[in-house]
Amino acid sequence: MPVNFEIGDVLPPLKHTATALQLFRYSAVTWNPHRIHFDESYAREEGHAGLALHSHLRAALALRCVTEGLGPDWQVTKFAYRLRQPVYAPADLAYTARVTAAESDSLTLELTEETASGELGFEGTAQVSRTTGATP
């Protein structure tokens, strides 16, 4: 990755397969007892097409794309997102981050989640700044 970023630069994509086991574990570690994330028959009774991915898990994966793509010299200072549609496990997802603004030691990135069928499931923005002492 370049040391200095320009508008239009894209970080390496993050590919992730969300599984039923991951949803169960994520529910446990986040103390989220909602059954739509780990009980498929219940989720279908509630009108879902299967086990629903947690919105916060999807946000964490998008941020992982940023933190892994930029490395330890950058920190997230602001983050906002919106789910465009539900996603159900198992799901193959791809997260991308594109630079939309760049000023000396700060960047704004547009984040997206794409499903295996090419649909946009998630969109967001992240602002990051270079940590003190990092080499520009």
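Before any of the text, the structure's been laid out above.
Keep in mind it's a predicted model, so treat the numbers as computed, not measured. (Residues numbered from 1 in each chain as written. Predicted model: local features only at pLDDT ≥ 70, side-chain atom pairs only at ≥ 80, totals over all residues. Heavy atoms only, no water.)

Student: Describe the sheet that holds strand β5 (residues 91-103), naming the residues involved and giving the relevant values.
Tutor: Taking strand neighbours across the sheet as the criterion, the five strands line up as β1-β5-β6-β7-β3 in an open arrangement whose pairing is antiparallel. Pairing within the sheet leaves two strands with one partner each, and these edge strands are β1 (14-18) and β3 (74-83). Each adjacent strand pair in this sheet contributes to an overall mean axis angle of 25°, direction not counted. Pairing of β3 with strand β7 (residues 120-130), which is carried by nine bridges, proceeds in the antiparallel orientation. Each bridged residue has a counterpart across the sheet, and for L83 the counterpart in β7 is F122. Contacting β1, β3, β5, β6 (106-115) and β7, helix α3 (residues 55-70) crosses the sheet at an angle of about 145° to β3. (Pairing = 2+ DSSP bridges. Helix = DSSP H or I, 4+ residues; strand = E, 2+ residues; numbered from the N terminus. Axes fitted to C-alpha atoms, helices over the stretch in contact; angles between N-to-C directions. Contact = heavy atoms within 4.5 Å.)

Student: Provide a residue-level description of helix α1 (residues 20-29), including the pertinent values.
Tutor: Within α1, burial applies to L23, Y26 and S27. The arc enclosing the buried residues of α1, seen along the axis, measures out at 100°, which places them on a common side. Away from its buried face by more than 90 degrees, α1 exposes R25 and V29. Here the buried face of α1 lies against β2 (51-52), α3 and β4 (88-89). Looking at the residues trailing α1, positive phi occurs at W31, about 55°. (Buried < 20%, exposed > 50% of the residue type's maximum accessible area, 1.4 Å probe, protein only. Arc of directions from axis to C-beta.)

Student: Tell me about α3, and name the residues and values.
Tutor: Between its first and last C-alpha, α3 extends 23 Å over 16 residues, near the 22 Å set by a 1.5 Å rise per residue. For α3, the complete set of buried residues consists of L57, R58, A59, L61, A62, C65, V66, G69 and L70. One or two positions beyond α3, positive phi appears at G71, with a value near 90°. (Expected span 1.5 Å × (residues − 1).)

Student: Break down the environment of T67 for me, citing the residues and quoting the values.
Tutor: Assignment of secondary structure puts T67 in helix α3. On a C-alpha basis, the gap between T67 and L57 in space is 15 Å, while along the polypeptide they are ten residues apart. A distance of 3.3 Å separates a polar side-chain atom of T67 from the backbone oxygen of R64. (Polar contact = N/O pair within 3.5 Å; in protein donor to acceptor, adjacent residues only side chain to side chain.)

Student: Tell me what's going on with the pattern of salt bridges, and back it up with residues and numbers.
Tutor: With the rule as written, the count across this model stands at eight salt bridges. Residue E123 is joined to R82 by a salt bridge in which the shortest nitrogen-to-oxygen separation is 2.9 Å. Placement of E123 in strand β7 and of R82 in strand β3 is noted, with a sequence separation of 41 residues between them. Here the residues in one salt-bridge network are R82, R84 and E123, joined through shared partners. (Salt bridge = Lys/Arg side-chain N within 4 Å of Asp/Glu carboxyl O.)

Student: Tell me what's going on with the packing of aromatic side chains, and back it up with residues and numbers.
Tutor: All told, the structure shown has five aromatic pairs when counted by the stated rule. For the pair F24 and F38, a centre-to-centre distance of 6.3 Å together with 80° between the ring planes defines the contact as edge-to-face. Taken together, the residues span a long stretch of sequence, with F24 in helix α1 and F38 in the loop between α1 and α2 (40-45) at a distance of 14 residues. Under the relative-accessibility criterion, F24 is labelled partly exposed at 48%. For the pair F79 and Y81, a centre-to-centre distance of 5.4 Å together with 25° between the ring planes defines the contact as stacked. Given the relative accessible area of 26%, F79 is considered partly exposed. Linked through ring pairs, F79, Y81, Y95 and F122 together constitute an aromatic cluster. (Phe/Tyr/Trp six-rings, centres within 6.5 Å; stacked < 30°, edge-to-face > 60°.)

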